[in-house]
Amino acid sequence: MSLRARSRPAWVPLVAPVALAVADALLVNGVTPGLALSLSLVAAVALLWRRRFPVTVFLVVLPGFYIGYIWFAPLIALYTVAAVRRPDRRLLGVTGLVFAVVHFLPYPVSDLPVGDPRGLALDAINAVVIAAAPIAVGLLSRTRRELTGRLDELTRSRAREDRLLADRVLATERARLAREMHDVVAHQVSLISLQAGAVQVSTADTQARAGARTIRELSVRTLDELRHMVGILRAAGADTEELTPQPKLADLPRLIELSALDVTYEAAYDPAAERSDAVERAAFRTVQEALTNVRKHAPGAKVRVRVDEPGDGLRVEVRNGPADAAVPAPGLPGGGHGLVGLRERAQSLGGTLEASRTEDDGFVVRARFPRGG
């Protein structure tokens, strides 16, 4: 649809033909009241319902066409029959024949020049041609409208196919990245686990043995989660399959214990409350990422983790103080994508996530999630 058609009021295509038919009736029959003018005006007004009742309106305009010699109303009515209704050859043939007959016969019929065969033949041909014109234009208009609709449908189908193709390419690329990630990360983590196991067996230091055991346990858990995530990325229907095992709020104490940080954990929520798995998983990942950032950027800092339920949602807050200058920085790499991913996860669940520095040169991460998610 063009910009001009969109800016045009919707009533113009409905009322404009009526105005033309009224003007035609007044020009042909004058303003003096009479049968011809009355029938012509009725035919003009009937055009208001031509789209809903095209055949009925066509029959209504015929008396004005025959007696009042009007043109616009019958031509528009016959055009509407061809343009609005589904193509019915018999109906179009009958309406076209009726139009031609009414146009051919004079009013009164006694004025028919029966003694002039040549004139009658010319009048008959003229009537048939005039009747065929609005039918042809109506069929052309309806065909153009249907072709436009089919073109729009083909365009939408092509857009859907393009999206499906892009999704397929993306899924293939994700599978390739998943394989590479598994090959690289799994190899490195396996070496860490083996080295930790060797230290655990060979050392006599109790503290070193405990640290090695923790490293080995974390390595095994990382490999397990990595295997499941890679399987999800490579499998069809990854959007509906859930990660297993799924970390929940109940796993936070163990996560904090394995973090090797000075953490104070405050749990002020109802463990029996109904919460979606996605919300509990997002809360767990928020604490996990925050603790990882503390290890990277604030080694030796004291951390306070609080999980509570103010109102209908779940709130997670991880606050740490400044780094301890006596504790060496681990030098762990960071891409800066952790908090961005957490914020996107929170927003996808209808929640929010804020992260900022505190006045004591620490850092705080606050996340809110709806209970239902």
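Reference entry: report on the structure contained in this document. (Residues numbered from 1 in each chain as written. Predicted model: local features only at pLDDT ≥ 70, side-chain atom pairs only at ≥ 80, totals over all residues. Heavy atoms only, no water.)

Some words on the overall build of the protein
Operational definition: Comment: elements are numbered from the N terminus, with helices defined as DSSP H or I runs of at least four residues and strands as E runs of at least two. Here the term buried applies to any residue with accessible area under 20% of the maximum for its type, exposed to any over 50%, and partly exposed to those in between, with areas from a 1.4 Å probe on protein chains only. Should any heavy atoms of two residues lie within 4.5 Å, those residues are counted as being in contact.
In terms of regular secondary structure, the protein is built from eleven helices and five strands. Counting every position in the protein, which comprises 373 residues, the buried fraction comes to 31%. In the protein, 67% of the contacts between residues at least 6 apart in sequence involve partners at least 24 apart.

Observations regarding the pairing of strand β4 (residues 352-357)
Residues in a regular strand point their side chains to alternate faces of the sheet. Using the following cut-off: Strand pairing is assigned whenever DSSP detects at least two bridges linking the two strands.
One ladder, built from six bridges, connects β4 with strand β5 (residues 363-370); its direction is antiparallel. By the bridge assignment for β5, Ala355 is matched with Val365. What sits between the antiparallel neighbours β4 and β5 is a turn of five residues, in which Asp361 has the positive phi angle 65°.

Notes on the packing of aromatic side chains
Here is the rule: Ring pairs shown here join Phe, Tyr and Trp side chains whose ring centres sit within 6.5 Å, with only the six-membered ring taken for Trp; geometry is labelled stacked below 30 degrees between planes, edge-to-face above 60, and tilted in between.
Tallied over the full model, the rule gives three aromatic pairs. With a centroid separation of 5.8 Å and an interplanar angle of 65°, the aromatic rings of Phe65 and Trp71 are classed as edge-to-face. For Phe65, a relative accessible area of 4% corresponds to the buried category. A residue is classified by how much of its surface remains accessible, and Trp71, at 33% relative accessible area, is partly exposed. Their ring planes at 25° and their centres at 4.8 Å tell us that Phe65 and Phe99 sit as a pair that is stacked.

So, helix α2 (residues 12-29)
Here is the rule we go by: Expected helix span is computed as 1.5 Å times (number of residues minus one). To obtain the arc, one takes the directions from the helix axis to the C-beta atoms.
Between its first and last C-alpha atoms α2 spans 25 Å; for 18 residues at 1.5 Å apiece the expected length is 26 Å, and the two agree. Looking at α2, one finds that the buried residues are Pro17, Val18, Ala21, Asp24 and Ala25. On an axial view of α2, the arc spanned by its buried residues comes to 120°, and they lie on one face. Those residues of α2 that are buried are in contact with α3 (35-46) and α5 (72-84). After α2 finishes, the residue Gly30 shows a positive phi value of roughly 75°.

A word on the nonpolar core
Convention followed: The set of buried Ala, Val, Leu, Ile, Met, Phe, Trp, Tyr and Cys residues whose side-chain atoms join them within 4.5 Å is what this entry labels a nonpolar core.
Residues Val287, Leu291, Val305, Val316 and Phe369 are the most contacted members of the largest nonpolar core, which totals 30 residues. Broken down by secondary-structure element, the contributors of at least two residues to this core are α9 (252-258), α10 (277-297), β2 (302-308), β3 (313-320), α11 (338-348) and β5. Those residues within four positions of Val287 in sequence are excluded, and the remaining contacts are Leu252, Leu255, Val305, Val316 and Val318. Among the nonpolar cores identified, the runner-up in size contains 28 residues, and Phe65, Ala77, Val81 and Ala82 belong to it.

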